[in-house]
Structures are given as C-alpha cells and as structure tokens.
Amino acid sequence: MAEAAGFGAARLWRRAGQRDRGTTVAPILPGATRGGVRALLRLEGAVLLVGALIAYDQLGAGWSAFALLFLVPDLSLLGYLAGARSGAAIYNAAHSTLGPAALVALGVLGAQPVALAGGLIWLAHIGFDRLLGYGLKYGSGFGATHLGQVGARDAW
C-alpha cells in the first residue's frame, strides 16, 4: 500500500537521485543520517577508535599483533560475492560493536588478555570505519549505509 502511494524506499531513492543529477551531493538515502547527526556519529567513531587505542596501549599487548589484525574485519567484504543482501548481513555482523564488546567483556571478566586485545583491535577498526563514514550496510548495495551514501558522490 505504501509503495503504491509512492512512499517506498526504492521510489524515494530514485526520486532523490533524479533531483541531484549533476551535483556533488549524494542523494538522501531513506533511513540514513545526515547533517549534524551524521557528524556526531562520525565523532563517536573517532572517540571509539581513540579509546580502543588507549586501552590497547595500557594492556601492553604488542603493536605488531594490532597491525596484523586491524583489517581482519574487512574480510567480511567477501560476503558481497554472494550478493548485496548477503554481503550486507555478513559485513554488518563483522562491523557491529556487539561482537567486540562481548569479546572485551570475556577478556575482562575471564581474565583473558588475548580476548581483550582482540576485542579492542576489533573496536578500533569499527571506530576507524565510522570515522571515515563507513556505516552499517543496507541490502541495496555496498554504498548504502546508515551514515549515508558512500562513494564518489559522497559529500564528505
């Protein structure tokens, strides 16, 4: 019913893209943040990154392990080989703070420094991605994120 009335996400996306042709600003993705809220979420990413780095340094774990493991969550991009919807689900599982927060809790409560270090590296990666504007993905395509459209036409 909403689709028939012209309120469907795909229709809004097409309309926004038609209005913005020839501009440097990406069309507004329905459900994505923009403006000051987007800037605040990106700032939160910076705080998450810095906090994880400070905690990792205080832990005294080796920085070579950090360097080796920092980009591991991006292997989830391989999920896009199975299609946009599957890729988004796999990417989101690897880029949600739920997994690393659980790993950090396991490391702290279970006195397991390896789990704690892994969780902090993972959180640092997520913070870095959010700082750069790479948010959780929608199933419509890699560039469609909760932080707005990512790609060549992104205003950030």
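Residues numbered from 1 in each chain as written. Predicted model: local features only at pLDDT ≥ 70, side-chain atom pairs only at ≥ 80, totals over all residues. Heavy atoms only, no water.

**Q** Just checking my understanding: could you explain unusual backbone geometry for this structure?
**A** Backbone geometry follows two general trends: most residues other than glycine have a negative phi, and most peptide bonds adopt the trans configuration. The phi dihedral of Ala111 is positive, around 50 degrees, even though this residue is not glycine. Within the secondary structure layout, Ala111 lies in the loop between helix H5 (98-109) and helix H6 (113-132). In this structure Ala111 comes out as exposed when scored by relative accessible area, which is 63%. (Helix = DSSP H or I, 4+ residues; strand = E, 2+ residues; numbered from the N terminus. Buried < 20%, exposed > 50% of the residue type's maximum accessible area, 1.4 Å probe, protein only.)

**Q** Is there a simple way to think about the UniProt feature "transmembrane region" (unreviewed entry) in the chain in this case?
**A** Under the present numbering, the feature "transmembrane region" (unreviewed entry) in UniProt falls on residues 62-82 and 103-128. This span, residues 62-82, is 33% helix and 0% strand, and a straight line between its end C-alpha atoms measures 35 Å. Taken end to end, residues 103-128 has its terminal C-alpha atoms 18 Å apart, with 88% of it in helix and 0% in strand. (UniProt positions renumbered as here; feature names shortened; annotations may be inferred.)

**Q** Please clarify how H6 should be interpreted in this entry.
**A** Turn by turn, an α-helix covers 3.6 residues, leaving residues three or four places apart pointing in a common direction. The end-to-end C-alpha distance of H6, which contains 20 residues, comes to 29 Å, matching closely the 28 Å that a straight helix rising 1.5 Å per residue would cover. Trailing H6 by a residue or two, Gly133 shows a phi angle of about 95 degrees, which is positive. (Expected span 1.5 Å × (residues − 1).)

**Q** In this structure, what is going on with the side chain of Ser76? I would like to understand it.
**A** As for its position among the elements, Ser76 is in the loop between helix H3 (63-69) and helix H4 (84-95). Residue class for Ser76 comes out buried when judged on its relative accessible area of 8%. Beyond its immediate sequence surroundings of up to four residues, Ser76 is in contact with Ile90, Tyr91, Ala94 and His95. (Contact = heavy atoms within 4.5 Å.)

**Q** Even after reading the chapter, I still don't get the nonpolar core, so can you show me in this structure?
**A** Soluble globular proteins tend to pack their nonpolar side chains together in the buried interior. Membership of the largest hydrophobic core is limited to 12 residues, which are Leu49, Ala52, Tyr56, Phe66, Phe70, Val104, Leu116, Ala117, Leu120, Ile121, Leu123 and Ala124. Of all the secondary-structure elements, those providing two or more residues to this core are helix H2 (35-59) and H6. With sequence-adjacent residues up to four places away left out, Ile121 is seen in contact with Tyr56, Ala65, Phe66, Leu69 and Phe70. (Core = buried A, V, L, I, M, F, W, Y, C linked by side-chain atoms within 4.5 Å.)

**Q** Would you mind going over the packing of H5 against H6 with me for this structure?
**A** Think of two packed helices as two axes; the pair is described by the angle between the axes and how far apart they sit. The contact between H5 and H6 brings their axes to 7 Å, and the two run at 155 degrees. As far as their axial angle goes, H6 and H5 are roughly antiparallel. H5 and H6 meet at a crossing whose hand is left-handed. Residues Gly99, Pro100, Leu103, Val104, Leu106, Gly107 and Val108 of H5 pack against Ala115, Leu116, Gly118, Gly119, Leu120, Trp122, Leu123 and Ile126 of H6. Of the residues assigned to the contact of H5 with H6, the class counts are 11 nonpolar, four polar and no charged. (Axes fitted to C-alpha atoms, helices over the stretch in contact; angles between N-to-C directions. Parallel < 35°, antiparallel > 145°, perpendicular 65-115°, else oblique. Left-handed = near helix turned anticlockwise from the far one by under 90°. Nonpolar A, V, L, I, M, F, W, Y, C, P; charged D, E, K, R; others polar.)

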